[in-house]
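Close look at the chain arrangement
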There are 2 protein chains.
Amino acid sequence: MSSPAPRSQTVKVKDVAREAGVAVGTVSRVLNDHPAVTRELRERVERAMAHLGYEVDVTAQSMRAGRSRLVACAIRDFDIPRFALFIKEAEAVLREAGYTLLLASTTNRPDVEIALLRAFRRRRVDGVMMTLSDEQHRDVRAALSEAPMPVLLIDRDRIDALDRVTADHRAGARLATSHLLGLGHRRIAMLVGDLKAFPSRSRLEGFRAAYAGAGIEPDPRLLRDDVLSSEHAYRATASLMSLAEPPTALFVAAMDTLGGCLRALRTMGILVGDGISVVAGSDSDLAELYTPPITAIAWDLAAMGRHAATMLLERMRGDEIERGRGLTVPTELIIRGSSRPFAG
Amino acid sequence: MSSPAPRSQTVKVKDVAREAGVAVGTVSRVLNDHPAVTRELRERVERAMAHLGYEVDVTAQSMRAGRSRLVACAIRDFDIPRFALFIKEAEAVLREAGYTLLLASTTNRPDVEIALLRAFRRRRVDGVMMTLSDEQHRDVRAALSEAPMPVLLIDRDRIDALDRVTADHRAGARLATSHLLGLGHRRIAMLVGDLKAFPSRSRLEGFRAAYAGAGIEPDPRLLRDDVLSSEHAYRATASLMSLAEPPTALFVAAMDTLGGCLRALRTMGILVGDGISVVAGSDSDLAELYTPPITAIAWDLAAMGRHAATMLLERMRGDEIERGRGLTVPTELIIRGSSRPFAG
DNA sequence: CGGAGTCAATGAATCGGTTCATTTATGCTT
DNA sequence: AAGCATAAATGAACCGATTCATTGACTCCG
């Protein structure tokens, strides 16, 4: 025999079938809107279900069907305010389609990413959308290629034939940098995240492209990478402004790090706009409402979330779609008062 | 017969058993760290699993065990930056304990809340943490009392014997209001969220308690409730400041609405600090870095997330714990430059 | 009127682990 | 050496819904 955890005796298809005087197969067909059920029987079964308070066991369905109607989303840190928008929209699209969202944080560690992919497999998750800490990581790539379910990359470089949704960070950073160069700045410091990942890499490319377009060379000592949090940004800003030859403009390209930078400037008594020009790599209430308002790069994270979910759904449906589709949402530069002509 | 979706032929316990030359029961016991397996056999089985690349099917485990190792979190809108902190910490604690987080947004609608509770049941979710749009809603209460799994309320009033984690909004609001009254303000406007839910109700209570403590009556025309977004806050602020007798201080008690309020004031050319004192109901980068910095109420959402997950885990474990536990995290008032003496 | 063809409904087999009554092996005691 | 106790391993039954070969009922047509 076998009596697992003292299960509160639940109603099953068998009970419904008995109550309605039909076979279990018929109940199942009613549940799944199978056409070959007479209206009369369908109603009888539905009445029985209502009467008994029946709820199908998705667990059993999943096991039999080999799919779970779960979609996993794993991002490096969902403590990034604007990412919430992405998740919110993705969840809405997925739920509309009958899927439930699993959420996990990778903490930007390859080993966690691999462990999560395994956990998702074990759960028979039907699709995954995720960020990666490092697109080149061998083990992560191996784990991705072994994944039995479709995986969509969030704002990451192309890997094999995986679908991806990205923002045009390169264009945004180029715009921002050109804007500052156009204002006469020559010593522009850049705070950027982890260069192993696409967004930071693209931003740096855009930055360099703008310099190249102007026919000048950026000072490599003014670049700070691996700025992943507000605290990092604080320290990076402080160190930059303490240089013998400090920058005249700051491009705070990493996401959600503007606060740390502004805190450092305030502590050092440097006025934004006058003492130094500032451009933020992502827009926020803070950027908009700061005094002076901060020039910022903006893009539509909600749209990214919707597109990611939609593309993943299409892929899961197994439609005949070309593999490795990429969708890029545009970035724009919102010019505000924090970026001013260099008064050499 | 039956051949469901063309399942990529996966390795099963049976295959592992054959490879290792043992019975399936033994493989299962190895998987579950059952003590009664000799070291030798355990190693043989583990080698076979590694060799075949075996991964257990959590779906099948769940079905047999009647539990899924899933915990659901449903909040009204996870587009609230500070809530991300809650989810982040809760997820970390849950994953540590071997659970996976399901996420859904209720959009603050009772029907969605009820539908989600049903969906969670069908998935055999082991525990739920959620907010409610209205603690008094009959159908929601019925759905909660019928839920077969433990439910923990996030920042909501006591319902039956459900566990709950709350912040002391009443104390925070009282502090904030007393602070303004102490500065000589008598016409304090309050922007608050949905009074059907605990946080807003508590804040209003705190507000009134402070007034009562000072022996005066608040002007009811200065109260704006149902302020649920930044856009609402914009409109509410604009309408308040257009009154014949406008307020001299604004208590923006609703979460994540400070931006809208400040935008309105800026549009109307009213200076924070000089023209009007402002206190925010929740702290943020914006509050800290605005000019002038905004006095704000702060509390530890990360701790709330950790506690929520921990309490729910204890409850799920079925320990003999008193029912209806409540944990309240304290609030504090961070006084900054936006609240100044009333210069009548 | 009989046989072919439709259409509904049936229920046993199945998905992949887990459990437990049973069997087999081992150790200990006298 | 026999008897008993203990421990390890076995494998059939089971969790609950789905599927499909089969049965039964009914229609249509020559």
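In this model, chain A carries a mean pLDDT of 94, and residues with pLDDT of at least 70 account for 98%. Segment residues 1-7 of chain A is flagged for pLDDT under 50; beyond a separation of four residues in sequence, or across chains, it makes 9 contacts in the model.

Taken together, 32 residues sit near DNA strand C, with Thr 26, Thr 38 and Arg 64 of chain A together with Val 13 and Gln 61 of chain B positioned nearest. Sugar plus phosphate: this is where 70% of the atoms of DNA strand C within 4 Å of the protein reside. Measuring from a phosphate oxygen of DNA strand C, one finds a backbone N or O atom of Ala 23 of chain A at 2.9 Å. Contact between DNA strand C and Val 13 of chain B: a phosphate oxygen at 2.8 Å from a main-chain N or O atom of the residue. Looking at the surface near DNA strand C, the elements with two or more residues in it are helix H2 (24-31) and helix H4 (58-65) of chain A together with helix H2 (24-31) and helix H4 (58-65) of chain B. Each residue belonging to the surface near DNA strand C can be placed in one class, and the counts come to 14 nonpolar, 11 polar and 7 charged.

Around DNA strand D sit 33 residues, and of these Val 13 and Gln 61 of chain A together with Thr 26, Thr 38 and Arg 64 of chain B come closest. Within the backbone of Asp 57 of chain A, one N or O atom sits 3.3 Å away from a phosphate oxygen of DNA strand D. The contact in question runs from a phosphate oxygen of DNA strand D to an N or O atom on the side chain of Thr 38 of chain B, over 2.6 Å. Only H2 and H4 of chain A together with H2 and H4 of chain B provide two or more residues apiece to the surface near DNA strand D.

Turning next to the relation of the copies chain B and chain A. Expressed as a screw operation, the relation of chain B to chain A combines 0.0 Å of axial shift with a rotation of 180 degrees, fitting to an RMSD of 0.1 Å. Both copies of the chain, as the preceding transformation shows, are related through a two-fold rotation axis. When the interface residues of chain B are mapped onto chain A, 100% of them are again interface residues, pointing to one common binding face.

This part is about unusual backbone geometry. All names here are of chain A. Here the bond from Thr 291 into Pro 292 is cis, since omega is -5 degrees, no more than 30 degrees from zero. For Asp 33, which is not glycine, the phi dihedral falls at a positive 55 degrees. Among the structural elements, Asp 33 can be located in the loop between H2 and helix H3 (39-52). Phi angles above zero are rare outside glycine, and Asp 160 is one such case at about 45 degrees. Topologically, Asp 160 is positioned in the loop between strand E4 (151-154) and strand E5 (163-167).

All right, on to the pattern of salt bridges then. Tallied over the entire structure, the rule returns 52 salt bridges over all chains. The shortest N-O distance in the salt bridge between Arg 124 of chain B and Asp 57 of chain A comes to 3.2 Å. Taken together, the residues span two chains, with Arg 124 of chain B in the loop between helix H6 (110-122) and strand E3 (127-130) and Asp 57 of chain A in the loop between H3 and H4. Comparing Arg 124 of chain B with Asp 57 of chain A shows no difference in burial state: the two are buried. The partner of Arg 44 of chain B in a salt bridge is Glu 40 of chain B, and the shortest N-O contact between them spans 3.1 Å. With a gap of 4 residues between them, Arg 44 of chain B and Glu 40 of chain B both fall in helix H3 (residues 39-52), about one helical turn apart.

Residue and element names in this part refer to chain B. End to end, helix H8 (residues 169-182) covers 19 Å across 14 residues, agreeing with the expected 20 Å (1.5 Å per residue, within 8%). Of all the residues in H8, the buried ones are His 169, Gly 172, Ala 173, Ala 176, Thr 177, His 179, Leu 180 and Leu 181. Looking one or two residues beyond H8, the residue adopting positive phi is Gly 184, at roughly 100 degrees.

Attention now moves to the packing of helix H8 (residues 169-182) of chain A against helix H9 (residues 198-213) of chain A. All names here are of chain A. Running from amino to carboxyl end, H8 crosses H9 at an angle of 35 degrees, the nearest separation of the two axes being 7 Å. The way H8 lies across H9 gives a crossing that is right-handed. On the side of H8, the interface is formed by His 169, Arg 170, Ala 173, Arg 174, Thr 177, Ser 178 and Leu 181, while H9 contributes Phe 198, Pro 199, Ser 202, Arg 203, Glu 205, Gly 206, Phe 207, Ala 209, Ala 210 and Tyr 211. Classifying every residue of the contact of H8 with H9 by side-chain character gives 8 nonpolar, 5 polar and 4 charged.

Cut-offs and rules
- Residues numbered from 1 in each chain as written.
- Chains lettered and ligands numbered in written order.
- Predicted model: local features only at pLDDT ≥ 70, side-chain atom pairs only at ≥ 80, totals over all residues.
- Heavy atoms only, no water.
- pLDDT = per-residue confidence, 0-100.
- Contact = heavy atoms within 4.5 Å.
- Near = heavy atom within 4 Å.
- Polar contact = N/O pair within 3.5 Å; in protein donor to acceptor, adjacent residues only side chain to side chain.
- Helix = DSSP H or I, 4+ residues; strand = E, 2+ residues; numbered from the N terminus.
- Nonpolar A, V, L, I, M, F, W, Y, C, P; charged D, E, K, R; others polar.
- Least-squares fit on C-alpha atoms with pLDDT ≥ 70 in both.
- Salt bridge = Lys/Arg side-chain N within 4 Å of Asp/Glu carboxyl O.
- Buried < 20%, exposed > 50% of the residue type's maximum accessible area, 1.4 Å probe, protein only.
- Expected span 1.5 Å × (residues − 1).
- Axes fitted to C-alpha atoms, helices over the stretch in contact; angles between N-to-C directions.
- Left-handed = near helix turned anticlockwise from the far one by under 90°.

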